[in-house]
Structures are given as structure tokens and as C-alpha cells.
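Coordinate analysis (summary)
Next come the chains, spelled out residue by residue.
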Amino acid sequence: KAPFIFSNFNGTSGDVDVLTHEAGHAFAGYTTRDFEFSANAQPTMESCECHSMSMEFFAWKWLDLFYGDDTDRAKYMHLESALIFIPYGCMVDHFQHIVYDNPDLTPAERHEEWLKLEKLYRPYMQFGDVEFYASGRGWQRQLHIYHYPFYYIDYCLAQTVSLEFWSRSQKDWADAWERYYKFVCEGGKKTFVGLCETADIRIPFEDGALKDIAGTAADWLK
Ligand SMILES: [Zn+2]
């Protein structure tokens, strides 16, 4: 009943990302392996991604074993990419709402809507003369928009939870881990909100949920 992680390595930081991410899923699978009802073992998708994305941050404690002198740079990249993912993920979800509410949009109108969202969520992006992105076609490279309606926001919820665990781990690693372990031990017996309550962490739907996290992260990145 030991979990196995299947992954490919290519000598980039992606190797570490995959290994630590999948270790979170593997740990959750291992922790709930003896549940009487297997249907209870796995929570909904956003909570599963909390297991994995948070484990990526708990692994910071051992990141020097992978990166040596480059550890700080790797942490910086990891935290930064986690933060800038959130507005992008929200943008994908928002775009899906627009296209499902307005099925008659022409291709050109869809590109226009995407560009409006770019200005709203990522005003700092400059596409210059990269025609594909500058013309609003960027949404086309996001597979989920074609295949999985309204699923993408799950990653934003999970990223927010993972950043909360990260933020707590900066202050008190053992306490953060204990909360995470409680979250994992419930498997799928509770809803996403119920799991957050079990771990006694902020629920991402609440106003201001990002504020503390963003503050801790901004301080760290300085
Ligand atoms: Zn995952």
C-alpha cells in the first residue's frame, strides 16, 4: 500500500516542482489508505490540490538538498510564480463565465474580451509585438477553456490555501504542518470549506483572505 510517484525529469526546477507536488498527493493517498469507504478517501479536486500545492511549500525545509547555493533563488521563483498565478487563474474563470453567458460572440469579440480581462487582472503584462498575445488570442493556449468548464478556479482556491500554509510555516513550521495534517487526515469526509475549518485556516472565499498572505509574501520577497 505504499504510494509511487511517476514522473519524468529534465534537469530543470520543474523536476523538483513535480516531485514535491506529487508527494503531496501521494502522502494524502497514504494517509487515508485504511479508510473503510474508499469513496471517503479523496476530497473534491480543489482540496486534493491543496494537499499537493501545500506540500510544495512544506518541502522548502529541505530545498537546499536539491538546490544548494541556488536555494534562495528557487524559493523566490516558486513563491513569485504562486502569487502571479492567482490573477491569471481568476482571469481564466472569468473568461469562461463570459463565453458561456454569450455563446454568440465572434472570434474577434472573444479576443477583445480576453484583452479586457488582461487589463483588469494583469495590467502589468506587456505583449509588445508578440502578435498572438497582443491580439487577445492568449486564451487559446489554455486547454481547460476547451475541456473543463469552471474547473480552473480550483487551482486558485488551492493556491490560496497553500500560501496560507506557507505563510504560517514561515512563522511556526510545526503548527502549520499540524494544521495541514489535520486537513489531509479528513480525506474526503468534509467539503472544502469544512476542511479549511478543520485546519483552522482562512477560507479563500472570505473577504480579505489574501491580505495576510500577500503581506507575508511581499515581506519575504523584499
Ligand atoms: Zn496535483
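Just above sits the structure.
The following refers to the structure shown. (Residues numbered from 1 in each chain as written. Predicted model: local features only at pLDDT ≥ 70, side-chain atom pairs only at ≥ 80, totals over all residues. Heavy atoms only, no water.)

What about the nonpolar core?
- Ranked by size, the top nonpolar core spans 19 residues in total, and within it Val161, Phe165, Phe183 and Cys196 carry the most contacts.
- Breaking this core down by element, the ones donating at least two residues are helix H2 (45-58), helix H8 (153-171), helix H9 (173-185) and helix H10 (192-199).
- If you look at the next biggest cluster of nonpolar residues, it comprises 16 residues, including Tyr88, Val92, Ile98 and Trp114. (Core = buried A, V, L, I, M, F, W, Y, C linked by side-chain atoms within 4.5 Å. Buried < 20%, exposed > 50% of the residue type's maximum accessible area, 1.4 Å probe, protein only. Helix = DSSP H or I, 4+ residues; strand = E, 2+ residues; numbered from the N terminus.)

Details of the coordination of the zinc ion
- Listed as protein donors to the zinc ion are His21 (NE2), His25 (NE2), Glu49 (OE) and Glu49 (OE); their distances from the metal cover 2.1 to 2.6 Å.
- One can describe the donor arrangement at the zinc ion as irregular, given that its 4 donor atoms subtend angles of 52 to 142 degrees at the metal.
- If you list the donors of the zinc ion from N- to C-terminus, the spacing comes out as H-x3-H-x23-E. On the criterion of sequence distance, the pair formed by His21 in helix H1 (residues 13-31) and Glu49 in helix H2 is long-range, its members being 28 residues apart.
- Given a relative accessible area of 16%, His21 falls into the buried group.
- Relative accessible area serves as the criterion here: at 11%, Glu49 is assigned to the buried category. (Donors = N, O, S within 2.8 Å, 3.2 Å for Na, K, Ca; no water. Tetrahedral: all angles 85-135°; square planar, octahedral: opposite > 155°, others 65-115°.)

Notes on H9
- Here H9 spans 18 Å end to end across 13 residues, near enough to the 18 Å set by a 1.5 Å rise per residue.
- All of the buried residues in H9 are Ala176, Arg179, Tyr180, Phe183 and Val184. For H9, the angular spread of the buried residues around the axis is 140 degrees, confining them to a single face.
- Here the buried face of H9 lies against H1, H2, H8 and H10. (Expected span 1.5 Å × (residues − 1). Arc of directions from axis to C-beta. Contact = heavy atoms within 4.5 Å.)

Section: the packing of H2 against H8
- Where H2 contacts H8, the axes come no closer than 8 Å and their chain directions differ by 35 degrees. Of the two elements, H2 crosses H8, and the hand of that crossing is right-handed. From H2, Met45, Glu46, Glu49, Cys50, Met53, Ser54, Phe57 and Phe58 reach across to H8, where they touch Asp154, Tyr155, Leu157, Ala158, Gln159, Val161, Ser162, Leu163, Phe165, Trp166 and Ser169. (Axes fitted to C-alpha atoms, helices over the stretch in contact; angles between N-to-C directions. Left-handed = near helix turned anticlockwise from the far one by under 90°.)

Section: a nonpolar patch on the surface
- On the surface, a nonpolar cluster with roughly 290 Å² of combined accessible area is contributed by Ile84, Tyr124 and Met125.
- Secondary-structure assignment places Ile84 in helix H4 (residues 71-101). (Patch = residues over 30% accessible without salt bridge, like charges linked within 9 Å, V, L, I, M, F, W, Y side chains within 5 Å. Areas by Shrake-Rupley, 256 points an atom, 1.4 Å probe, with all protein chains shown as cover. Salt bridge = Lys/Arg side-chain N within 4 Å of Asp/Glu carboxyl O.)

Topic: the packing of aromatic side chains
- In total, this model carries 31 aromatic pairs according to the counting rule given.
- Residues Phe85 and Tyr155 carry aromatic rings whose centres are separated by 6.5 Å and whose planes lie at 85 degrees to one another, so their mutual orientation is edge-to-face. With Phe85 in helix H4 and Tyr155 in helix H8, the pair connects residues that are 70 residues apart, well separated along the chain. Comparing Phe85 with Tyr155 shows no difference in burial state: the two are buried. (Phe/Tyr/Trp six-rings, centres within 6.5 Å; stacked < 30°, edge-to-face > 60°.)

Quick notes on the pattern of salt bridges
- This model, assessed by the stated rule, comprises 10 salt bridges.
- Two residues, Arg202 and Asp212, come together in a salt bridge whose shortest N-O distance is 3.8 Å. Taken as a pair, Arg202 in the loop between H10 and helix H11 (209-221) and Asp212 in helix H11 lie far apart in primary sequence, 10 residues in all.
- For Arg202, a relative accessible area of 30% translates into the label partly exposed.

What about unusual backbone geometry?
- Here Phe150, not a glycine, exhibits a phi torsion of approximately 60 degrees, which is positive.
- Its place among the elements puts Phe150 in the loop between helix H7 (143-147) and H8.
- The class for Phe150 is partly exposed, based on a relative accessible area of 34%.
- With a phi close to 55 degrees, Asp200 is a non-glycine residue in the positive phi region.
- Tracing the backbone shows Asp200 in the loop between H10 and H11.

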